[in-house]
Amino acid sequence: MSALLTVEGLRHGFYGVQVLNGASFEVRQGTVTGLIGPNGAGKSTAINAISGALLPQGGRVSFAGTDITRLPPRERVGLGLVRSFQLARGFPRLSVFDHLMLYGQGHPGEGFWQSLTGGRAGRQHEERLAETALSVARRLKLDHVIDNPVSALSGGQKKLVEIGRALMAEPRMILFDEPMAGVNPTLSAQIAEHLTALNEEGITICLIEHDMAMVARLCDPVIVMAEGRKMTEGSFAEVVADKAVQEAYLGVRHDA
Ligand SMILES: Nc1ncnc2c1ncn2[C@@H]1O[C@H](COP(=O)(O)OP(=O)(O)OP(=O)(O)O)[C@@H](O)[C@H]1O
Ligand SMILES: [Mg+2]
């Protein structure tokens, strides 16, 4: 399996505090790769550099052979690299369908301007998007609530809409930053099943997660980050048996 995403020597600091210290790792095509490490290890900052939310002060990010280090986020989405974001709070009354359509519009499709100005190409674009939204809702078992306002959904269903939003871009790879945080065990098991199904459809996944049972169940390989760089990588069993990994976690965790 070849690398779909390559991160080389990422460096970044906030107010003089170095948060990424030459982080280098790969996510191979077709995997569910876990990204773990103690609080403050730089995992979310790395994901921000990968998705384009943050321009790193040093290093390089490549996706599918293209250097994307300085590419705007929406162009990364156009290449098939998508992150799952928390739902915008601004549109609580929009239905699930409208939400999916909205984020489908957000990715750079050739029909976007036509759909604003009307006309045949615009209508065709709308229709294609609507079909995609329906199929995404079906995949996530949200079709029975597709006309409900997002504000009326359960917490778990909202999480699924977040995943649906990422799927609207027809991604090759999705980055997830703690998608199960704050979700009850039944729902996190459901989310885990969806992630597995997406991966079986061919979507590569990079998952930051603190719940070690989930990491054990879903992720292979697991990359361990500490102090802004990759510490080690291997199967879940290999990394948890690693003394250096145990020490990195010891006394540092305050949410376990
Ligand atoms: N925008 C920012 N401004 C200042 N400091 C930041 C900013 N973002 C992150 N940091 C700091 O960078 C360090 C690494 O943060 P990051 O969020 O990447 O860690 P993490 O590995 O995701 O941790 P956690 O597991 O707690 O989510 C932390 O000390 C954090 O306080
Ligand atoms: Mg984080």
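This is a predicted model, so every value here is computed, not measured.

### Topic: the overall build of the protein
In terms of regular secondary structure, the protein is built from 10 helices and 10 strands. Counting every position in the protein, which comprises 256 residues, the buried fraction comes to 48%. Carbon together with sulfur atoms contributes 52% to the accessible area of the protein, which is approximately 12,400 Å² in total.

### Comments concerning the site of ligand 1
Of all residues adjacent to ligand 1, which total 13 residues, the nearest are G40, K43, S44, T45 and H210. At 2.8 Å from an oxygen atom of ligand 1 is found a side-chain nitrogen or oxygen belonging to S44. H210 places a side-chain nitrogen or oxygen 2.8 Å from an oxygen atom of ligand 1. For ligand 1, the accessible surface in isolation is 640 Å², of which the surrounding protein chains cover 59%. Sort the elements by how many residues they give to the shell around ligand 1 and helix α1 (residues 43-51) lands first, with 3 residues. For the shell around ligand 1, the per-class residue count stands at 5 nonpolar, 6 polar and 2 charged.

### Some points on unusual backbone geometry
Here D220 and P221 are connected by a cis peptide whose omega angle stands at 5°. As for its placement among the helices and strands, P221 is situated in the loop between α8 (212-218) and β9 (222-226). Phi at E170 is positive, roughly 50°, even though this residue is not glycine. Following the sequence through the fold, E170 ends up in the loop between α6 (155-167) and β7 (173-177). Classification of E170 as exposed rests on a relative accessible area of 58%. Positive phi, close to 55°, is recorded for E178, a residue that is not glycine. Overall, E178 belongs to the partly exposed group, its relative accessible area being 24%.

### Describing the packing of α6 against helix α7 (residues 185-200)
Closest axis-to-axis distance for the α6/α7 pair is 10 Å, and the angle between their directions is 15°. Taken together, the axes of α6 and α7 lie roughly parallel to each other. The handedness of the crossing between α6 and α7 is right-handed. When α6 is examined against α7, the residues G156, K159, L160, I163 and L167 are found in contact with a partner set consisting of L187, I191, H194, L195 and L198. Residues belonging to the contact of α6 with α7 are distributed by class as follows: 7 nonpolar, 2 polar and 1 charged.

### Some words on the sheet that holds strand β1 (residues 3-14)
Ordered in space as β2-β1-β4-β5, the 4 strands form an open sheet in which the pairing is antiparallel. The open sheet terminates on both sides in strands that have one partner only, identified here as β2 (17-28) and β5 (66-67). Judged from the 2 bridges that link them, strand β4 (residues 58-63) and β5 form a sheet pairing that is antiparallel. The partner of S62 across the bridge, within β5, is D67. Across the sheet, α1 touches β1, β2 and β4, and the angle it forms with β1 is around 115°.

### A word on helix α5 (residues 120-139)
Spanning 20 residues, α5 covers 29 Å between terminal C-alpha atoms, matching the ideal 28 Å at 1.5 Å per step. Where α5 is concerned, the buried positions are G122, H125, L129, A130, T132, A133, V136 and A137. The buried residues of α5 occupy one face: seen down the axis, they fall within an arc of 165°. Exposed residues lying more than 90 degrees from the buried face of α5 are R120, R123, E131 and R138. Note on α5: the residue one or two positions beyond its end, K141, has a positive phi of about 55°.

The rules we used
Counting restarts for each chain, with residues numbered from 1 along the sequence as it is written. Note on labels: chains are lettered from A, ligands numbered from 1, in written order. Since the coordinates come from a predicted model, pLDDT governs what is reported: local features require at least 70, and pairs of side-chain atoms require 80 or more to be given and counted, while whole-chain, interface and lining totals use all residues. Water and hydrogen atoms play no part in the side-chain values, which are based on all heavy atoms of the structure. For the purposes of this entry, the term helix denotes a DSSP run of H or I that reaches at least four residues, the term strand denotes a run of E that reaches at least two, and both are numbered from the N terminus. Three exposure classes are used, based on accessible area relative to the maximum for each residue type with a 1.4 Å probe and protein chains only: buried under 20%, partly exposed in between, and exposed over 50%. Here the accessible surface of atoms and residues is derived via Shrake-Rupley with a 1.4 Å probe, and residues count as covered only by protein chains that are part of the display. A molecule or strand has a residue near it when one of that residue's heavy atoms lies within 4 Å. Any pair of nitrogen or oxygen atoms within 3.5 Å is treated as a polar contact; in protein, a donor-acceptor pairing is required on top of that, and neighbouring residues in sequence qualify only through side-chain atoms on both sides. Three residue categories are used. Nonpolar comprises Ala, Val, Leu, Ile, Met, Phe, Trp, Tyr, Cys and Pro, charged comprises Asp, Glu, Lys and Arg, and polar comprises the others, including Gly. Interaxial angle, 0 to 180 degrees, is taken between N-to-C directions of lines fitted to C-alpha atoms, where a helix line uses only the stretch in contact. Roughly parallel covers angles under 35 degrees, roughly antiparallel covers those over 145, roughly perpendicular covers 65 to 115, and oblique covers all other angles. Throughout, a crossing is termed right-handed when the near helix is turned clockwise from the far one, and left-handed when it is turned anticlockwise from it by less than a right angle. Whether two residues are in contact is decided by their heavy atoms: any pair within 4.5 Å suffices. Two strands pair under a simple rule: DSSP has to find at least two bridges between them. An expected span of 1.5 Å times one less than the residue number is assigned to each helix. Directions drawn from the helix axis to the C-beta atoms are what define this arc.

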